[in-house]
Amino acid sequence: MAPSKPRSKSRNPLLIPGIGKFSRSKMYHKRGIWAIKAKHGGTFPRHDPKPAAPEPASKKPPKFYPADDVKTPVPNRRKPKPAKLRASITPGTVLILLAGRFMGKRVVFLKQLPSGLLLITGPFTVNGVPLRRVNQAYVIATSTKVDISGVNVDKFDDKYFAKDKKKAYKKSESSFFETEKQEKKLPQQKKDDQKAVDTPLIKAIEAVEYLRGYLGTKFTLRSGTKPHELQF
Amino acid sequence: MPFKRYVEIGRVALVNYGKEYGRLVVIVDVIDQNRALVDAPDMIRGQINFKRLSLTDIKIDIPRVPKKKTLIEAMETADVKNKWEKSSWGRKLIVQKRRAALNDFDRYKVMVAKIKRGRAIREKLAKLKRENPA
């Protein structure tokens, strides 16, 4: 018989979790095991047992038996989901950074990366913030939105921002005192990516009056301003 | 210095505490020494303590506890809404509300406008000072 799809609904309705309506013998009859047996001459059809893998010849007894039983840890099956994005943050929203090197800067949100972090850009020529990842928790979302339809951010993901692994150098006396000055130059590819993202963005920004100046200015608190009463 | 604004039937007051904060109401009856019955076109008539009211200059002509329709008509003829919005107190409240509702972007634009205005004033003043050394 061709393998059929497993039944979606059980033939034995639950009265209470753990107690079905029908007894074992009733279920035997309902499932038609008697009919299948009759069809196959008195026995229920079975597969031949799979040939067991041959035991490795001369298995030596282990050299060491641990004195105490060690509990094997349960395997971790957790798959963390990316952090839920706040409803106020949509692609094109102007965000205020609250911490880090660019504290106080107003930046444009591009998309949420698979790790949960937000991909942002200044744009770079407006306020010096490059393509960067930022945590949602350290950000205020304003209600100002920039038109982001002309920007393609598909190629950016967390691997793009991974740090280059430092080459392990042999610990010799000479190199210890030399302090190799590794010139950290930004690869041209990253500069091109920045430009590719920023040019359509800047066009959209220039279309709105005062927006470029707004993005270039830092957010500050003044005497008398109460942040909990401010509307963003 | 005598009192000028009296608690009377028809006196328009501003609620300054509680759920109805900021609403303009009309005193339609006095219940006792502390409480008044107030009404407004978009509100259910109810009692309120005088301490929660700030009396305004506006008074309308109504009988004691008028029907809602009568109240609305009386407010229209007295033009309460416009009088309030033109008064300096009313205008201040409107400005306060507008400022509280400003966006972060709006606040930036206000800042830029203030700087421009200040600059224009100072330039003009400097010019006048140069022309008329006193």
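Here the structure is shown first, and the text comes after it.
Here the structure is a predicted model, which means the values were calculated and not measured.

Draft legend 1. Up close: the pattern of salt bridges. A complete count under the given rule lists 17 salt bridges over all chains for this structure. Of the charged contacts in the structure, one is a salt bridge between Glu206(A) and Arg212(A), with a shortest N-O distance of 2.9 Å. For Arg212(A), a relative accessible area of 35% corresponds to the partly exposed category. With a shortest N-O distance of 2.7 Å, Asp42(B) and Arg23(B) are connected by a salt bridge. Residue Asp42(B) is located in the loop between strand E3 (35–39) and strand E4 (46–49), and its partner Arg23(B) is located in the loop between strand E1 (11–15) and strand E2 (24–30); the two are separated by 19 residues in the primary sequence. Judged by relative accessible area, which is 60%, Asp42(B) ranks as exposed. Relative accessible area serves as the criterion here: at 22%, Arg23(B) is assigned to the partly exposed category. Connected via shared salt-bridge partners are Lys19(B), Glu20(B), Arg23(B) and Asp42(B).

Draft legend 2. Structural context of the interface of chain B and chain A. Taken together, the contact pairs twelve residues of chain B with 17 residues of chain A. A buried area of about 1000 Å², summed over both sides, lies between chain B and chain A, and 56% of it is on carbon and sulfur atoms. Looking at the side of chain B facing chain A, the largest losses of area belong to Asp104(B), Phe105(B) and Tyr108(B), adding up to 53% of the total buried there. Run the count over chain B and chain A and you get one salt bridge. Between the two partners, chain B and chain A, sit six residue pairs in polar contact (both at pLDDT 80 or more). The element contributing the most residues to the side of chain B that touches chain A is helix H4 (residues 104–131) of chain B, with eight residues. Residue composition of the side of chain B that touches chain A, grouped by class: seven nonpolar, one polar and four charged.

Quick notes on the rules
- Residues numbered from 1 in each chain as written.
- Chains lettered and ligands numbered in written order.
- Predicted model: local features only at pLDDT ≥ 70, side-chain atom pairs only at ≥ 80, totals over all residues.
- Heavy atoms only, no water.
- Salt bridge = Lys/Arg side-chain N within 4 Å of Asp/Glu carboxyl O.
- Buried < 20%, exposed > 50% of the residue type's maximum accessible area, 1.4 Å probe, protein only.
- Helix = DSSP H or I, 4+ residues; strand = E, 2+ residues; numbered from the N terminus.
- Contact = heavy atoms within 4.5 Å.
- Buried area = accessible area lost by both parts, 1.4 Å probe.
- Polar contact = N/O pair within 3.5 Å; in protein donor to acceptor, adjacent residues only side chain to side chain.
- Nonpolar A, V, L, I, M, F, W, Y, C, P; charged D, E, K, R; others polar.

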